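These are the residues of each chain, in order.
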Amino acid sequence: MRLRLINAAAASYFYVTSSTGPMTIVAADGPAVQPVEVDRLFIAIAETYDVIITIPKTGRWELRATAQDGTGHASAYMGAGAVHPATDPPRPNVYTMDEMLNLTLEEQEDDPRASLNLPRPGSPYRLLKAVEDTTLPKGRPQRKITMRLTGDMTRYVWSFDGKTMAEDPYVRLHHGEVIQLELVNDTMMHHPIHLHGHFVRLINGQGQRSPLKHTVDVPPMSRRTVEFEANEEKDWMFHCHILYHMMSGMARVFSYDKPAAPADGGIGESQMVHPSHTASSAVEGTSSDHHGGSLGEHAHDMWFLFGAASAQSHMSEGNITLMNARNDLILGWEVGWQDVDDTQYEIEALCQRYLSPDWQLFVGARLTNDEDAENRAVAGVNYRLPLIIWPAPVWTVRATFGSHLRNASRSHRDSGPLAGWNMTPTPSGNGPPGWTTP
């Protein structure tokens, strides 16, 4: 039986296993490939595989797709009689990154099946071989574009080259040129990268028989290289197919410009239309000079609201954050009403601007009715150390203006000068800047 497996999920990779035994891949994203057997198939979001399985004459046999995080699975049964269940891969250890790092290392081995021999295998890309020559036309102008897949897992902001689609939306293409696209994943997540309207050649060591795909999984801390002929016109979406990544900024528009000038077919960075390859400006015009008109919902970074709060018999505390790619609006509070004459409160409202993933500026105010403190303005700088240290501290340098200077840990209060500086380590991602959490 030939089955076409399509991962139509918004945010889940799957491991597909058949209780009938190994599956034979005969097509990837539509185009045929030379048959190759796999015991368990790792399928990225938006990918398609055609597989052949042999169903015994008796028994009910299961085809199981298990979510990458091990939280559940979906099943299809074929045949009649006694049930023969398929197996799940081992559940991941969600508290370490060891499995992802092991996968990355195995994909560098000489054995093309090295990563497939893992209990939780990677994509079968190194085994895929087209059934015919897929070499692109010779003598066309060639250009190499390198795009880094970037993001911040703490803030859940995703981008290319550190910029969201709203900040840098366009990649210019010339009709008739050949683009070699190198995708470098700087994050610890898989990213299924998809280009609308084109098939790309996956450079996987198969030479003239490199397979054609429309979606390519880029594993954590790894890279993939693809190439394609720019033979369309107007605008085409290019994005990570994890829905939340795309909507938070990991997307671009590949926009066709005027036909490329004749070239000798050499490949090099110097032939790029724009130094950063994206179209903040282009040789022929600015980023507003494009075919697609409005970017719609991608024209501005999306805002996200999240928070946490607790209400107890003697107090309430919590924080709420409204954020987009570069800005945070933070409201935090503590209110107590037991064993005090009057309800006491402390409220901090902050506006934080991210200059980079590691540098942030913030300004705001602290309001309180505590008799030992006063309402005051706060401003400062957060810097996240670029070191692999756990727990990773964020050093907060804070200037406080008022009649009292108080330690940012809020563990004690000291009388002091009218203005001063305070520098304290703060756990990354836990509460507003400068607040320590137990």
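Bear in mind that the values here come from a model prediction, so they are computed numbers and not experimental data.

> Please explain a nonpolar patch on the surface as it appears in this structure.
Taken together, Trp303, Leu305, Ile320, Leu322, Leu329 and Leu331 make up a surface patch of nonpolar side chains, about 530 Å² in accessible area. Where the nonpolar patch is concerned, the elements lending two or more residues are strand S24 (315-323) and strand S25 (327-336). For Leu322, the location among the structural elements is in strand S24. Taking relative accessible area as the criterion, Leu322 reaches 31% and is therefore assigned partly exposed.

> Before we go on, may I ask you to explain the layout of surface pockets in this structure?
Here the idea is plain: a probe the size of a water molecule rolls over the atoms and shows the empty space left. Looking at the second largest pocket, its volume works out to about 730 Å³. Lining the second largest pocket are 26 residues, with Gln68, Asp69, Pro92, Met100 and Arg120 positioned closest to its centre. Of the residues forming the lining of the second largest pocket, the biggest block, five residues, is contributed by helix H1 (residues 98-106).

> Quick question: what am I supposed to make of the side chain of Arg40 here?
Looking at the element boundaries, Arg40 is found in strand S5 (residues 40-43). Summary of buried charges: Arg40 has no salt-bridge partner, and the nearest side chain of opposite charge, Asp88, is 6.8 Å away. Here Thr17 takes part through its side chain, which lies 2.9 Å from a polar atom of the side chain of Arg40. Looking at Arg40, its side chain comes within polar contact range of the side chain of Thr87, at 3.2 Å.

> Is there a simple way to think about the pattern of salt bridges in this case?
As a working rule, side chains carrying opposite charge can pair if their charged atoms are close by. All chains considered together, the criterion is met by 20 salt bridges. Of the charged contacts in the structure, one is a salt bridge between Glu229 and Arg140, with a shortest N-O distance of 2.5 Å. In this pair, Glu229 is assigned in strand S18 (residues 223-229) and Arg140 in the loop between H1 and strand S10 (142-152), connecting sequence segments 89 residues apart. What makes Glu229 buried here is its relative accessible area of 18%. A residue is classified by how much of its surface remains accessible, and Arg140, at 29% relative accessible area, is partly exposed. What you see here is one network of salt bridges that share partners, running through Arg2, Arg4 and Asp50.

Parameters at a glance
- Residues numbered from 1 in each chain as written.
- Predicted model: local features only at pLDDT ≥ 70, side-chain atom pairs only at ≥ 80, totals over all residues.
- Heavy atoms only, no water.
- Patch = residues over 30% accessible without salt bridge, like charges linked within 9 Å, V, L, I, M, F, W, Y side chains within 5 Å.
- Areas by Shrake-Rupley, 256 points an atom, 1.4 Å probe, with all protein chains shown as cover.
- Salt bridge = Lys/Arg side-chain N within 4 Å of Asp/Glu carboxyl O.
- Helix = DSSP H or I, 4+ residues; strand = E, 2+ residues; numbered from the N terminus.
- Buried < 20%, exposed > 50% of the residue type's maximum accessible area, 1.4 Å probe, protein only.
- 1 Å grid on protein atoms, 1.4 Å probe; cavity = no way out; pocket = protein on both sides within 12 Å on 5 of 7 lines; lining within 4 Å.
- Points joined across faces, edges and corners; volume = space filled by probe spheres on them.
- Lys, Arg positive; Asp, Glu negative; His and termini not counted.
- Polar contact = N/O pair within 3.5 Å; in protein donor to acceptor, adjacent residues only side chain to side chain.

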